[in-house]
Amino acid sequence: ACGTPVVARLAGAAPEIVPPECGSFFSEARPEAVLEAVARCPQPDELVSGVQGVGGVSDACVRAAARFSEDVFDAAMSRVVERVLAGAREDELLSG
């Protein structure tokens, strides 16, 4: 959320959460693999090529993190609760 790229293990939802311009991944739990991921990790002051409306890595990271902000989460949960209270079926809840 502060614009700092991350290094994360390539597992779970990490690839869907961290776009390539915001970090790098390692597969194996070995110090060498972590060091390689750190070396590949974008630097905050690098420019991002091919990403519309983003000037640098820090901007891209802040924008990516905003998708998971408390406000975004609260709004999504409110929509689900409203639909449940309105009697939506499970398949309707999952579709939007």
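Each remark here, short or long, concerns the structure printed above.
A short tour of the structure in this document, coming up. As the structure is a computational prediction, the values presented were derived from the model and not from experiment. (Residues numbered from 1 in each chain as written. Predicted model: local features only at pLDDT ≥ 70, side-chain atom pairs only at ≥ 80, totals over all residues. Heavy atoms only, no water.)

Focus on the overall build of the protein chain
Phase 1: On a plain count of helices and strands, the protein chain comes out with five helices and two strands.
Phase 2: Helices (α) and strands (β) of the protein chain occur, in sequence order from the N terminus, as β-α-β-α-α-α-α.
Phase 3: Across the 96 residues of the protein chain, 23% fall into the buried class.
Phase 4: Sequence separation of at least 24 residues holds for 34% of the intrachain contacts in the protein chain that already meet a minimum separation of 6. (Helix = DSSP H or I, 4+ residues; strand = E, 2+ residues; numbered from the N terminus. Buried < 20%, exposed > 50% of the residue type's maximum accessible area, 1.4 Å probe, protein only. Contact = heavy atoms within 4.5 Å.)

Topic: helix α4 (residues 70-85)
Residues lying three or four places apart along an α-helix face the same way, a consequence of the helix completing one turn every 3.6 residues.
Phase 1: For α4, built from 16 residues, the straight-helix expectation of 22 Å at 1.5 Å per residue is met to within 8% by its first-to-last C-alpha distance of 22 Å.
Phase 2: At the exit of α4 stands glycine 87, carrying a positive phi of roughly 90°. (Expected span 1.5 Å × (residues − 1).)

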